[in-house]
Amino acid sequence: MQRRDLLRAFGAATALAFIPHDAMAAWARVASGIRPAAGLTDAQLMLVGAIADTMLPRTDSPSATDVGVPAFIDVIVSENYSEPERTAFLAGLEALDSWTPPSASTDSTPARAMRPSPLASLSGDERARILDAIERAPSRRPEPMRTYWRLKSLVVHGYFTSERVSKDVLHVEVMPGRFEGSAPMRARNASPSRDMHGAPHA
Amino acid sequence: MRETTHFDAIVVGSGISGGWAAKELTEHGLKTLVLEAGGPVDPNHDFVEHVQPWQMHFRGLGDRKLLEADHPIQRECYACDEMGHKFFVKDGENPYTNPEDAPFRWFRGRQVGGRSITWGRQVYRWSDLDFTANAKDGHGNDWPIRYADVAPWYSHVERFIGITGAREGLSQLPDGEFLPPMQMTCVEQDARPKILKAFNGERVMTIGRAAILTKNHNGRLACHYCGPCERGCITQSYFNSLGSTLPAARKTGNLALRPNSVVAEVLYDPKKGRANGVRIVDAQTMESREYTARVVFLCASTIESIRLLLNSKSTRFPDGLANSSGLLGHYVMDHHYGSGASGTVPGFTDKRTIGHRPNGIYIVRFRNVKTQHPDFLRGYGMQGGSSRAGWGRGGGTPGYGAAFKQSLIDELGPWSLSASGWGETLPNADNRVTLDANVKDKWGIPAAHIEVRWRENERAMDKDMMAAMAEMLDAAGCTDIRTHGSNNPPGHCIHEMGGARMSTTASDGVLNRWNQAWDVKNLFVTDGACMASNGCQNPSITYMALTARAVSHAVTLMKQNEL
């Protein structure tokens, strides 16, 4: 690709500026802190945030809550999900919050003692133990496993499609200007997936 | 000033075929009116391929409630998503019907540029294997043309639009006028010779042939590999009529383009035995208007052109214009596609891709080329590609915490390689389009009733696609090979063809060897409706070639005062 031609023809900034105003306005509304009507409660957002940050904690890159993952999940659950899906998700979230690993019942310690408080108020390590048990469950289909995996895929999607992570962590190139089919791996910041664009189709 | 209502030529539709008709007619000096049912498109504002997920309200997951309300059918097309739905019709305004036991998906784009904005861009020439198929096995009628009739027109079109591909020298898939090929990935490069060797050189995996520029061409810029072509392209790097044929037509000074013009019928003059012109309904004001011309080209898309002809009734043609054969609407086809296999490719973990290749690999038709397969007639090509899973894999894989996050940032999943078949459908008289007497669209035009079914030959071929692809993946050294069967209903491939087929005699079809109606000599149909069979290749390049060829013939006749 003749990058200079491209820049000459459109101007570097212009090429990136063709953003539909309605789409931008919609996200700007959420980004500014205005929540969806009938969205998640504060407690639900806190729970989602606690789980999301256990999955994707702050390191030298931002955490899930640092880049607004709970707000994204609020938009999906409140504005994208159908009513039955939304109801099921919220019920699943509640079940997740009070879930006790099955092994706890065989433990000499009473289950409640091991889970003295809802998930959000546990220490990070304690919460990680719960997540670990959920991920090791033999089936992902029963609740709260079902909701957990739905949530996880939303957390990952929300995190890696955020502006900050796209630009500063993944260094996504909007116009790569070339296709290389056999490029070496870099030590860090591997190429993002093509998930957003789908597979090539005739 | 009164609006001009008489032209040398009228073209119905501004997409892939209509754009070519407009370019060729105007370049021959004919004052040409192009009528487009949908509204104008301004690439500077409407093309949205560079909008990033974080700039979308649903981050690319789709405005599901809007899609369910406005596009319940269209949304099944991959391109009708959060950004691209504006290039698809609203289903409520554009109804069609089908028998309950014969589902059909009709994906439509009404705007200047038509479906050329969202098309898949794959371009494969037909060969005589395709043009002689009906004659050989007796399904459908013999084509009135052969490859030699179309070959120079393929070249004419390819040189103008710019297509990328690799020369293979295969008789069943002739090479075109290629710009440099796109790269295969390391695993595709590795698989190609292994598959060639395992199947006696008969199964050729080549890089996809696509109407995408790999270098600057005819004033348009080379691809910058951003990925989602179906949302438009500000650099005009893939072919659509909006950035290519329509500007060429405009440059002649002979083009008049009228958007928001829903053509309701072709007007017939029984005294002269000719098409007078067309009657339109203005999509916005609902007013009726008439435009006249010496010659009329229908390029409205397969089912729209059939519907338009069926709705153009007169004393002479009570069952639809140019339908003395009674075959109008019959022999409608689509490719049955999507069955195939995928596998994991061991190794190559130190390699990745850079850029989004808007193209894949193509496995050239190998069935019923030299020997006859016991289970089915005709054949299929396979399309697919390879990739490594990116961060998206994190949603389904176990893990959490700092190391998990870092692995999604730094690493990629294993390589996967997959492909699926695009299969030829046997022409069948019972696969047909009629008018629904009870349902009308927003503009009062009777809706199409579409009855198309997959039959035994298609189902047998689907099975073979899975088995054959699994064998090839095995030969390529893949592990964890899984086959996938497709439940796509007819129409889903968006390769609808036939219904006004070309034929050697007037009693055997609707159009002659020049896409000219047997019954109405100044009427031409050059979109997919003209097809007598459907090959297994993506058809648009053939429509373009046939359109340019038909215009050349029409112009010759006009100069001889025969039209």
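Residues numbered from 1 in each chain as written. Chains lettered and ligands numbered in written order. Predicted model: local features only at pLDDT ≥ 70, side-chain atom pairs only at ≥ 80, totals over all residues.

Engineer: Whenever I open this one, the sheet that holds strand β13 (residues 380-388) of chain B confuses me. Can you help?
Structural biologist: Hydrogen bonding along the main chain pairs the strands of a sheet, whether they run parallel or antiparallel. All names here are of chain B. Judged by pairing direction, the sheet is antiparallel, and its six strands sit side by side in the order β5-β12-β13-β14-β10-β17 without closing on themselves. Each having just a single partner strand, β5 (205-207) and β17 (479-484) make up the two edges of the open sheet. Neighbour-to-neighbour, the strand axes of this sheet turn through a mean angle of 25 degrees, independent of strand direction. Strand direction decides the pairing type here: strand β12 (residues 361-363) and β13, joined by three bridges, are antiparallel. Directly across from Tyr 362, in β13, lies its bridge partner Gln 383. Those strands touched by helix α7 (residues 186-198) are β5, β10 (336-345), β12, β13 and β14 (415-423), and its axis lies near 145 degrees from that of β5. (Pairing = 2+ DSSP bridges. Helix = DSSP H or I, 4+ residues; strand = E, 2+ residues; numbered from the N terminus. Axes fitted to C-alpha atoms, helices over the stretch in contact; angles between N-to-C directions. Contact = placed C-beta atoms within 7 Å.)

Engineer: Would you mind going over the nonpolar core with me for this structure?
Structural biologist: One recurring pattern in soluble globular proteins: nonpolar side chains tend to sit buried together. Core analysis: the largest hydrophobic core is formed by 206 residues, its most contacted members being Val 155 of chain A together with Ile 10, Val 11, Val 12, Val 296, Phe 297 and Ala 322 of chain B. Among the elements that line this core, the one with the most residues is helix α12 (residues 540-559) of chain B, at 10 residues. Residue contributions to this core reach at least three from each of two domains, namely domain 1 (7-121 + 239-333 + 429-453 + 493-559) and domain 2 (186-227 + 336-423 + 456-484) of chain B. Apart from the residues within four sequence positions on either side, Val 11 of chain B is in contact with Gly 18, Ala 21, Ala 22, Leu 25, Thr 32, Val 34, Phe 297 and Cys 299 of chain B. (Core = buried A, V, L, I, M, F, W, Y, C linked by C-beta atoms within 7 Å. Buried ≥ 20, exposed ≤ 12 C-beta atoms within 10 Å, placed from the backbone. Domains from an automatic or database assignment.)

Engineer: Where do I start with the environment of Leu 242 of chain B in this structure?
Structural biologist: All names here are of chain B. In this fold, Leu 242 is placed in the loop between β5 and α8 (245-251). Residue classification places Leu 242 among the buried residues on the basis of 26 C-beta atoms within 10 Å. Along the sequence, Leu 242 and Ser 14 sit 228 residues apart, while their C-alpha atoms lie 8.3 Å from each other.

Engineer: Please clarify how α7 of chain B should be interpreted in this entry.
Structural biologist: Given 3.6 residues to a turn, an α-helix orients residues that are three or four positions apart in the same direction. Residue and element names in this part refer to chain B. Helix length check: α7 (13 residues) gives 19 Å between terminal C-alpha atoms against 18 Å at 1.5 Å per residue, within 8%. Taken residue by residue, α7 has Cys 186, Val 187, Glu 188, Ala 191 and Ile 195 as its buried positions. Positioned one or two residues after α7, Asn 200 has a phi angle of 50 degrees, which is positive. (Expected span 1.5 Å × (residues − 1).)

Engineer: Which parts of the structure should I look at to understand the domain arrangement of chain B?
Structural biologist: Accessible area lost upon the coming together of the parts is a frequently used measure of interface size. All names here are of chain B. Looking at the assigned domains, one finds that chain B contains domain 1 (7-121 + 239-333 + 429-453 + 493-559) and domain 2 (186-227 + 336-423 + 456-484). Summarising the inter-unit geometry, the C-alpha centres of domain 1 and domain 2 are found 32 Å apart. On the side of domain 2, 12 residues touch domain 1, which itself brings eight residues to the contact. Split into classes, the residues belonging to the side of domain 1 that touches domain 2 amount to three nonpolar, three polar and two charged. (Nonpolar A, V, L, I, M, F, W, Y, C, P; charged D, E, K, R; others polar.)

Engineer: What should I look at first to understand unusual backbone geometry in this one?
Structural biologist: Keep in mind that most residues, glycine aside, have a negative phi and that most peptide bonds are trans. The amide bond that connects Glu 143 of chain A to the next residue, Pro 144 of chain A, takes the cis arrangement and shows omega of 5 degrees. With respect to the helices and strands, Pro 144 of chain A occurs in the loop between α9 (124-136) and α10 (145-160). Phi angles above zero are rare outside glycine, and His 171 of chain A is one such case at about 50 degrees. Tracing the backbone through its elements, the reader meets His 171 of chain A in the loop between α11 (163-169) and β1 (180-184). Here His 171 of chain A falls in the exposed class, since 12 other C-beta atoms lie within 10 Å of it. Located in the positive-phi region is Tyr 331 of chain B, a residue other than glycine, with phi close to 60 degrees. With respect to the helices and strands, Tyr 331 of chain B occurs in the loop between α9 (302-310) and β10. The class of Tyr 331 of chain B is buried, set by 27 C-beta atoms lying within 10 Å.

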